Amino acid sequence: MVLPSSKMKSNVREIASAFVSEISGPFSKESDIIMQEANNNIARNQIIAKVLSTALGLGASALITYYGIKWLTEAMDPTKKEKKQAQLEARRMLRQLGVDSKENLSEYELCVAANLLDPRSVNITWDDIGGLDGIVQEIQDSVILPFQRTELFKSSSLLQPPKGILLHGPPGCGKTMIAKATAKATGARFINLQVSSLVDKWYGESQKRAEAVFSLAKKLQPTIVFIDEIDSFLRSRSSTDHEATAMMKTQFMSLWDGITSDPNCLVIIMGATNRRKDVDSAILRRMPCQFFIDMPDPEQRKSILQLILEEENTDGLNYDQLSQLSAGLSGSDLREACRIAAMSCLTDYVTENPSRVNNECGDSLRNITMADLQHGIHKVQVTKHSQPIPLD
C-alpha cells in the first residue's frame, strides 16, 4: 500500500522534529542552567554594587557633615584668633627657653604655655625688695634651696619642698615682686597663670585646660605656677557656684594632689591674694607654706625709700622723718610718692624755662628735695582718703 505524498511529508517532519528534540534535549537543559546562573550572578553583582554605592554615599555624607559642623563651630568660635596667637606665642617662648621642639604638647598645653615667662627676662631681684629680709630668707631656705640642691632633700620625706606657697596681705606690699624674684633666683620655668586662659565657653573644655596646667608643668619641671589674686579663681565653694566652675575647681585640686604625692616632682604652685579668707579651705590645706606680707613699719618704709631713691639725684633728705610722715602707706604708695616728687622737679623746670621745652640739650633738672617728697606723700595720703600729715 502506497501512502499519499502529503502524508509521507508530514510523517517525515514529525520524525525529524522528534529526532532533533531528542538530540538537542540535554544541550537545551544545560543552556537554561547557564542562563539562570548568569542571571543570578548579574543580580548578585547588582546587589553588591548597590550596597557599596550606598555605603560610599553614607560615608561621604558623614564626612561632609563632620567637616561642615567642624568648620561652622570654628567659624562661630570668637576666641579662634586668640587661640592661634596664644599657640604662636607659646612656640616662640618654648624656643626661647630652649625646650626640645620634639616635645609633644597638646593644643591645651600650648594655650597654657602662652603664659610662660622667661626667668632671664625678669628684671627683679632680691635686692629690689626692701624691708622684707626675714621673709626673703625663709623663701630662700624653703623654696629656692630645694631647686638648687635637690640632692640634699632626698634623704627624708620631711625635707621635701612644699608644693604650695601662699603670699597674702594688703595690696601693694610686694607679693608679686617676691614671686618674680623667686623665679629669677631659682631659674625655674615660670608660668604666670591667667585665669582667663582656663575658661572656655564649651562644656568640658575648662577641665581639659586645668589638666594641661599640670601636665605642662611636669614636662617643663622644675616649674613654678604662679596664680595672682588666687581668691578670684579658687574662692570658697558654695551651692550657688556654676557647675562648670565647680568642676574646674575640683579637677584643679585633684591634679594638685597628684604632684603633692610625687616626691620627685619639682612643681610648686604659688599664689598671692589680698583676701585670704575668701580662698577655699581645701586650697589653703594644699598650701602649707604661707607668708603674711604686712604693711611696712617705719624701719621698712625707710629701707624702701632708700631703695627707690638710690639712683636718683637727691638733696638733704631725712629718711627717718620721711618714714614717719608716710605712716599707713604701702610699698607701691611710696613709689608713687617718689614719682610725684620727681614730677615736681620736672614741672618747676618747664615753668621756669617755657622756651626750652623742645630743646634736646636742655639743662638738667634740679635735685629732689625734702619738700618734694613731703608733697608727694601728702598727695598720696589724700588720694587714699586717709588723714594726711600737715606739711608745717
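Presented here is an overview of the structure given in this document. Because the structure is predicted, anything quoted here is derived from the model rather than measured.

Our focus in this paragraph is the sheet that holds strand E3 (residues 189–192). The strand order across the open sheet built from 6 strands is E1-E3-E4-E5-E2-E6, with neighbouring strands paired in mixed fashion. In the strand order of this sheet, the two ends are held by strand E1 (116–117) and strand E6 (289–292), each with one partner. Strand direction decides the pairing type here: E1 and E3, joined by 2 bridges, are antiparallel. Bridged to Leu116 within E3 is Ile191. Here helix H4 (residues 133–148) sits on the sheet in contact with strand E2 (164–168), strand E4 (223–228), strand E5 (267–273) and E6, set at roughly 155° to E6. Along the sheet face, helix H6 (residues 205–220) touches E1, E3, E4 and E5 and points at about 145° away from the line of E4.

As enumerated under the stated definition, the model contains 5 aromatic pairs in all. Ring plane angle 90° and centroid distance 6.0 Å describe the contact between Phe252 and Trp256, whose orientation is recorded as edge-to-face. Here Phe252 pairs with Trp256, and both are found in helix H7 (residues 243–260), just 4 residues apart, close to one helical turn. By relative accessible area, Phe252 is classed as buried at 0%. Three or more aromatic residues joined by ring pairs make a cluster, and in this case those are Phe214, Phe233, Phe252 and Trp256.

Counting 39 residues, the largest nonpolar core has Leu116, Leu193, Ile230, Phe252, Trp256, Ile269 and Ile283 as the members making the most contacts within it. Going through the elements one at a time, helix H2 (80–97), helix H3 (107–113), H6, E4, H7, E5 and helix H8 (281–285) are the ones with two or more residues in this core. If you tally residues by element for this core, the top one is H6, at 7 residues. Apart from the residues lying within four places of it in its own chain, the contact partners of Leu193 are Val112, Asn115, Leu198, Val213, Val225, Phe226, Ile227 and Phe252. Core analysis: the second largest hydrophobic core is formed by 28 residues, Trp126, Leu132, Cys173 and Met270 among them.

With that settled, consider the pairing of E3. With 4 bridges connecting them, E3 and E4 associate as parallel partners. Within E4, the residue paired with Phe190 across the bridge is Ile224.

Take the side chain of Ser142 next. Turning to its location among the elements, Ser142 is positioned in helix H4. Among the polar contacts listed, one links the side chain of Ser142 to the backbone oxygen of Glu138, at a separation of 2.8 Å. Sequence-distant contacts of Ser142, defined by excluding residues within four places in its chain, comprise Pro161, Pro162, Cys289 and Phe291.

The rules behind each value
- Residues numbered from 1 in each chain as written.
- Predicted model: local features only at pLDDT ≥ 70, side-chain atom pairs only at ≥ 80, totals over all residues.
- Heavy atoms only, no water.
- Pairing = 2+ DSSP bridges.
- Helix = DSSP H or I, 4+ residues; strand = E, 2+ residues; numbered from the N terminus.
- Contact = heavy atoms within 4.5 Å.
- Axes fitted to C-alpha atoms, helices over the stretch in contact; angles between N-to-C directions.
- Phe/Tyr/Trp six-rings, centres within 6.5 Å; stacked < 30°, edge-to-face > 60°.
- Buried < 20%, exposed > 50% of the residue type's maximum accessible area, 1.4 Å probe, protein only.
- Core = buried A, V, L, I, M, F, W, Y, C linked by side-chain atoms within 4.5 Å.
- Polar contact = N/O pair within 3.5 Å; in protein donor to acceptor, adjacent residues only side chain to side chain.

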